[in-house]
Amino acid sequence: MTKTISTPVENKTARKFIAFIEEFRKLNKEMQANQIALFLHVAAQPDLTIREYSQRADLGDGGTITRNLDALSPTRKVLQKDPQTGKQVPALVDGYGLIELYEDAMDRRFKRVKLTSRGVRVYNTLIQILGS
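The rules behind each value
Residues numbered from 1 in each chain as written. Predicted model: local features only at pLDDT ≥ 70, side-chain atom pairs only at ≥ 80, totals over all residues. Heavy atoms only, no water. Phe/Tyr/Trp six-rings, centres within 6.5 Å; stacked < 30°, edge-to-face > 60°. Helix = DSSP H or I, 4+ residues; strand = E, 2+ residues; numbered from the N terminus. Buried < 20%, exposed > 50% of the residue type's maximum accessible area, 1.4 Å probe, protein only.

Take the packing of aromatic side chains next. For any pair of aromatic rings, geometry is given as the distance between the ring centres together with the angle between the planes. Across all of its chains, the model carries two aromatic pairs by this definition. Here the aromatic rings of phenylalanine 20 and phenylalanine 24 are separated by 5.8 Å at their centres, their planes lie at 65°, and the arrangement is edge-to-face. Here phenylalanine 24 and phenylalanine 20 lie together in helix α1 (residues 8-27), a separation of four residues that amounts to about one turn. Here phenylalanine 20 and phenylalanine 24 have matching classes, each one buried. Measuring from centroid to centroid gives 5.8 Å for phenylalanine 24 and phenylalanine 39, while their planes differ by 75°, and the two rings are edge-to-face. Of this pair, phenylalanine 24 sits in helix α1 while phenylalanine 39 sits in helix α2 (residues 33-44), and the two are 15 residues apart along the sequence. For the pair phenylalanine 24 and phenylalanine 39, one class covers both residues: buried.

Laid out in structure tokens, this is it:
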């Protein structure tokens, strides 16, 4: 027999989860779960290296972590069809603007990640939703 959730406390919890998800849908209705998880990892512990976030979010090295970081950054690189030549050319388009990458002060080979001011605002909104 399946238990039906109907108590006010449980419904309030479900509404919080829905509001949490809606905050990300405001940024982009097609935002991927990996991107949300990566954003939350950066918010939970900023200033780690890309490799450390890749391991924490289980996104692997290379393309997957890079695509997700690019999407969360202010701008991202994509290939677009050039209208004159019909060839795919690199272009910069707007990202979500939630994180930024910066060089490690001790070793410039490493990039570290932190929230942008917009990312901090989104995270604070999420905290308010869960705390209400």
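Additional details are given in the paragraphs that follow.
A word on unusual backbone geometry. If you check the backbone angles, aspartate 47 has positive phi at about 75° while not being a glycine. Tracing the backbone through its elements, the reader meets aspartate 47 in the loop between α2 and α3 (50-56). Unusually for a residue other than glycine, aspartate 58 sits at a positive phi of about 55°. Tracing the sequence through the fold places aspartate 58 in the loop between α3 and α4 (63-72). A residue is classified by how much of its surface remains accessible, and aspartate 58, at 68% relative accessible area, is exposed.

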